[in-house]
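Residue-level structural notes
If you want the building blocks of each chain, they are given just below.
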Amino acid sequence: MTQKISGGCACGAIHYECNVDAVVMMNCHCRDCQKANGAAYAAIMALPKAAFQIRGTPSYHRIVGASGKLVERGFCPSCGSQLTFKAEVLADVIGVQAGSLDDPSIYRPDMDVFTSSAQPWDHMDPSVQKHSHGPPL
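A brief look at the structure comes next. (Residues numbered from 1 in each chain as written. Predicted model: local features only at pLDDT ≥ 70, side-chain atom pairs only at ≥ 80, totals over all residues. Heavy atoms only, no water.)

Turning our eyes to something else, we now look at the overall build of the chain. Scanning the chain for helices and strands turns up one helix and eleven strands. Listing the helices and strands of the chain from first to last along the sequence gives β-β-β-α-β-β-β-β-β-β-β-β. Its C-alpha atoms give the chain a radius of gyration of 14 Å, near enough to 14 Å, the size a compact globule of 137 residues would have. Taken over the C-alpha atoms alone, the chain extends approximately 35 × 35 × 25 Å along its principal axes. Considering the chain as a whole, with its 137 residues, one finds that 42% of them fall into the buried category. In the chain, 52% of the contacts between residues at least 6 apart in sequence involve partners at least 24 apart. (Helix = DSSP H or I, 4+ residues; strand = E, 2+ residues; numbered from the N terminus. Rg over C-alpha atoms; globule rule 2.2 N^0.38 Å. Buried < 20%, exposed > 50% of the residue type's maximum accessible area, 1.4 Å probe, protein only. Contact = heavy atoms within 4.5 Å.)

In structure tokens:
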């Protein structure tokens, strides 16, 4: 059963919705995500870009990722909450930070990616599939 997925920033200036199921949910352990999140990994829910709606205008930080392709992280310019993740290699999806969901308990990771960069103090769930680099495309 499809559930409404919604979330937004801490100050309420930006809110998003999607009425279709997530494509994939993953914990990304790459160094870029670690630095951007200040944590061991980024918990990302990938949603179909065509079904994603956003109210408010995020600012973007753009980098070239390990793939050699553009990666954009969207954040609220007012409160700084990190909200979205766009990757050129995954052009049809937009990632949302699981912590920005209105109900983050719906997040259930399908995989851990870039585990080759995982920190030794990061204890990953052994039941979740592992990929030493990016997600299988």
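Let's shift gears to the pattern of salt bridges. A side chain with one charge may pair with a side chain of the opposite charge, provided their charged atoms come close. For the structure shown, the criterion picks out three salt bridges. We note a salt bridge from Lys4 to Glu17, for which the minimum N-O separation is 3.1 Å. Residue Lys4 is found in the segment before strand E1 (5-8), and its partner Glu17 is found in strand E2 (residues 15-18); the two are separated by 13 residues along the sequence. Judged by relative accessible area, Glu17 falls into the partly exposed class, the value being 26%. For Asp112, the salt bridge is made with Lys130, and the minimal N-O distance between the two is 3.0 Å. With Asp112 in strand E10 (residues 111-113) and Lys130 in strand E11 (residues 129-131), this residue pair connects regions lying 18 residues apart in the sequence. (Salt bridge = Lys/Arg side-chain N within 4 Å of Asp/Glu carboxyl O.)

Turning our attention to the sheet that holds strand E5 (residues 52-55). Spatial strand order, E1-E2-E5: three strands in an open sheet with antiparallel pairing. The open sheet has two free edges, formed respectively by E1 and E5, since each of these has just one partner strand. Across the sheet, the mean angle separating the axes of adjacent strands is 15° when strand polarity is ignored. In terms of strand pairing, E2 meets E5 through four bridges, oriented antiparallel. Paired with Glu17 across the strands is Gln53, a residue of E5. (Pairing = 2+ DSSP bridges. Axes fitted to C-alpha atoms, helices over the stretch in contact; angles between N-to-C directions.)

This part is about unusual backbone geometry. Leaving glycine aside, a negative phi is the common case for residues, and trans is the common case for peptide bonds. For Phe114, which is not a glycine, the phi torsion comes out positive at approximately 55°. Residue placement: Phe114 occurs in the loop between E10 and E11.

This part is about the sheet that holds strand E8 (residues 82-87). One open sheet accounts for eight strands, arranged E6-E7-E8-E9-E4-E3-E10-E11; its pairing is mixed. Here the strands that pair on one side only, and so sit at the sheet edges, are strand E6 (59-64) and E11. In this sheet, neighbouring strand axes are inclined to one another by 25° on average, regardless of whether the strands run parallel or antiparallel. Bridging between E10 and E11 involves three bridges; their strand directions are parallel.

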